[in-house]
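Survey of secondary and tertiary structure
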Amino acid sequence: MNPQKIPVTVLTGYLGAGKTTLLNRILTEDHGQRYAVIVNEFGEIGIDNDLIVDADEEVFEMNNGCICCTVRGDLIRIIEGLMKRRNRFDAIIIETTGLADPAPVAQTFFVDDDVAARSRLDAIVTLVDAKHVLARLEDSHEAEEQIAFADVLLLNKTDLVNAQELEEVRQRIRGINNQARLYETVNAQVPLAEILGQGAFDLDRILEIEPDFLGEDDHEHDDAITSVSVSGAGAVDPKLFLPWLQNLVAEQGQDILRLKGILAFPNEPRRYVVQGVHMLVSGDLQDREWRADEPRNSRLVFIGRNLDQEALTTSFATCMA
């Protein structure tokens, strides 16, 4: 994790899931952090004008030290504009109303060299409306993608369902994404430190979780989106692994929503970290070295459609050093 790069959290979730409530908290609570929040339409958040200290075109300064700005055009242009005020904030939060699919926002951080050099994706946080999510999943492709993409899930409005309904929602969400950290909330009340600045996209956490599917409870939904993990004891040969990954993404990138991995290379003390969104993949050797007490194993997690666990496991095994 490069401390000089600004951490960016992408906040997504279906209409009515509670994003505005959460953003209001971020922009008004006394949490001691200075966030720059990028929203599609500032007016929709309905923040009282007396909480705004200073407004300059698209940028509003809040009296808790946060900044809020509206995206009317190009996200990249907004981020570059914020970089000119780099000393005024600690992290960026992007709210994705109307951009129901988080992929294009996440991809900004891979595609634009300037943005990638100065910021890093910290986490995709998805809010889920416990009361309506099951209906949304029946009629909306985006609702499913938002859950699949998440590093952190806030299952919100849990006060509006009974225990049995809540369990059903839990199972369904876990069927789509069993990698993300899941918080159950009312009014999006979760300590902000738990969801912001967590480095969730940095994989360390996530890769400690082996996908454990819902086992015997194979419910009738043929959920198209699943997560698959492949791992090997020891190092991979980069001369085999990198072309393998390139080919895989070229062939199956449309179906791979997210991929993340931590790999060991022979005679290399640092960990190689790779992550991708659809066809776009970036990987590099991290600052952090393998710890002495840490097994130097290589593993990848894929979240997507039509993933063949057996084929991935077999082909990944051919990359081992």
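This one's a predicted model, so the numbers in the text were calculated from it and none came from an experiment. (Residues numbered from 1 in each chain as written. Predicted model: local features only at pLDDT ≥ 70, side-chain atom pairs only at ≥ 80, totals over all residues. Heavy atoms only, no water.)

A tally of regular secondary structure across the protein gives eleven helices and 14 strands. A sequence separation of at least 24 residues applies to 74% of the contacts in the protein between residues at least 6 apart. Carbon and sulfur atoms make up 47% of the accessible area of the protein, which totals about 14500 Å². (Helix = DSSP H or I, 4+ residues; strand = E, 2+ residues; numbered from the N terminus. Contact = heavy atoms within 4.5 Å. Areas by Shrake-Rupley, 256 points an atom, 1.4 Å probe, with all protein chains shown as cover.)

Now for the pairing of strand S7 (residues 119-129). Where burial is concerned, most of S7 is hidden: eleven out of the eleven residues are buried. With eight bridges joining them, strand S1 (residues 6-13) and S7 adopt parallel strand pairing. Paired with Ile-6 across the strands is Ser-119, a residue of S7. Inspection of the sheet shows S7 paired to strand S8 (residues 152-156) by five bridges, in the parallel sense. Residue pairing for S8: Val-125 is matched across the bridge by Val-152. (Buried < 20%, exposed > 50% of the residue type's maximum accessible area, 1.4 Å probe, protein only. Pairing = 2+ DSSP bridges.)

Attention now moves to the pattern of salt bridges. Counting across every chain of the model gives 13 salt bridges. Here Arg-118 and Asp-114 are joined by a salt bridge, their closest N and O atoms 3.3 Å apart. Of the two residues, Arg-118 and Asp-114 are both situated in helix H5 (residues 113-118); the distance of four residues between them amounts to about one turn of the helix. Residue Arg-118 is classed as partly exposed on the basis of its relative accessible area of 34%. Residue Asp-114 is classed as partly exposed on the basis of its relative accessible area, which comes to 34%. Each of Glu-144, Glu-145 and Arg-305 takes part in a single network of salt bridges with overlapping partners. (Salt bridge = Lys/Arg side-chain N within 4 Å of Asp/Glu carboxyl O.)

Now for the confidence of the model for the protein. The predicted model of the protein has a mean per-residue pLDDT of 78, with 79% of residues at 70 or higher. At the level of individual helices and strands, the protein shows its lowest average pLDDT in helix H2 (residues 42-45), which scores 48, and its highest in helix H11 (residues 309-317), which scores 95. Note that pLDDT drops below 50 for residues 42-53; the model gives that stretch 26 contacts with residues more than four away or on any other chain. (pLDDT = per-residue confidence, 0-100.)

Locating Arg-305 in the fold gives a position in strand S14 (residues 298-305). Overall, Arg-305 belongs to the buried group, its relative accessible area being 14%. Here Glu-145 takes part through its side chain, which lies 2.8 Å from a polar atom of the side chain of Arg-305. (Polar contact = N/O pair within 3.5 Å; in protein donor to acceptor, adjacent residues only side chain to side chain.)

Time to look at the packing of helix H10 (residues 238-252) against H11. Put simply, H10 and H11 touch, their axes get as near as 10 Å, and they point 150° apart. Considering the angle they form, H10 stands roughly antiparallel to H11. Contact residues: Phe-241, Trp-244 and Leu-248 in H10; Leu-312, Ser-315 and Phe-316 in H11. Broken down by class, the residue content of the contact of H10 with H11 amounts to five nonpolar, one polar and no charged. (Axes fitted to C-alpha atoms, helices over the stretch in contact; angles between N-to-C directions. Parallel < 35°, antiparallel > 145°, perpendicular 65-115°, else oblique. Nonpolar A, V, L, I, M, F, W, Y, C, P; charged D, E, K, R; others polar.)

With that settled, the discussion passes to unusual backbone geometry. Excluding glycine, residues mostly carry a negative phi; peptide bonds, for their part, are mostly trans. Look at Ala-188: it is not a glycine, yet its phi comes out positive at around 55°. For Ala-188, the location among the structural elements is in the loop between strand S9 (181-184) and helix H9 (192-195). By relative accessible area, Ala-188 is classed as buried at 0%. We note that Asn-306 has phi near 55°; this positive angle belongs to a residue other than glycine. The topology assignment puts Asn-306 in the loop between S14 and H11. Judged by its relative accessible area of 60%, Asn-306 is exposed.

Attention now goes to the nonpolar core. The biggest cluster of nonpolar side chains holds 42 residues, and the ones touching the most others in it are Ile-38, Ile-79, Ile-92, Ile-94 and Ile-147. Setting aside chain neighbours within four positions, we find Ile-147 in contact with Thr-126, Val-128, Val-133, Leu-137, Leu-153, Ile-173, Ile-176 and Asn-177. (Core = buried A, V, L, I, M, F, W, Y, C linked by side-chain atoms within 4.5 Å.)

Structurally, Gly-276 can be placed in strand S12 (residues 270-277). The class of Gly-276 is buried, set by a relative accessible area of 0%. Each C-alpha atom of the pair Gly-276 and Gly-253 lies 9.2 Å from the other, and the pair is 23 residues apart in sequence. Ignoring sequence-local partners within four residues, the contact set of Gly-276 consists of Phe-110, Leu-257, Arg-258, Leu-259 and Val-281.

Right, let's talk about the packing of aromatic side chains for a bit. Two measures describe an aromatic ring pair: the distance that separates the ring centres and the angle between the ring planes. Going through the model one piece at a time under the given rule, you end up with four aromatic pairs. Aromatic pair Phe-265 and Tyr-272: ring centres 4.7 Å apart, planes at 25°, arrangement stacked. One aromatic cluster is present, built from ring pairs that chain together Phe-241, Trp-244 and Phe-316. Sitting over the ring of Trp-290, Arg-271 keeps its end group 5.9 Å from the ring centre. (Phe/Tyr/Trp six-rings, centres within 6.5 Å; stacked < 30°, edge-to-face > 60°. Lys NZ or Arg CZ within 6 Å of the ring centre and 35° of its normal.)

What follows deals with the pairing of S9. Of the two faces of S9, the one holding Arg-181 and Tyr-183 is buried and the one holding Leu-182 and Glu-184 is not buried anywhere. Relative to S9, S8 is paired through four bridges, and the arrangement is parallel. Pairing of Leu-155 across the sheet is with Glu-184, part of S9.

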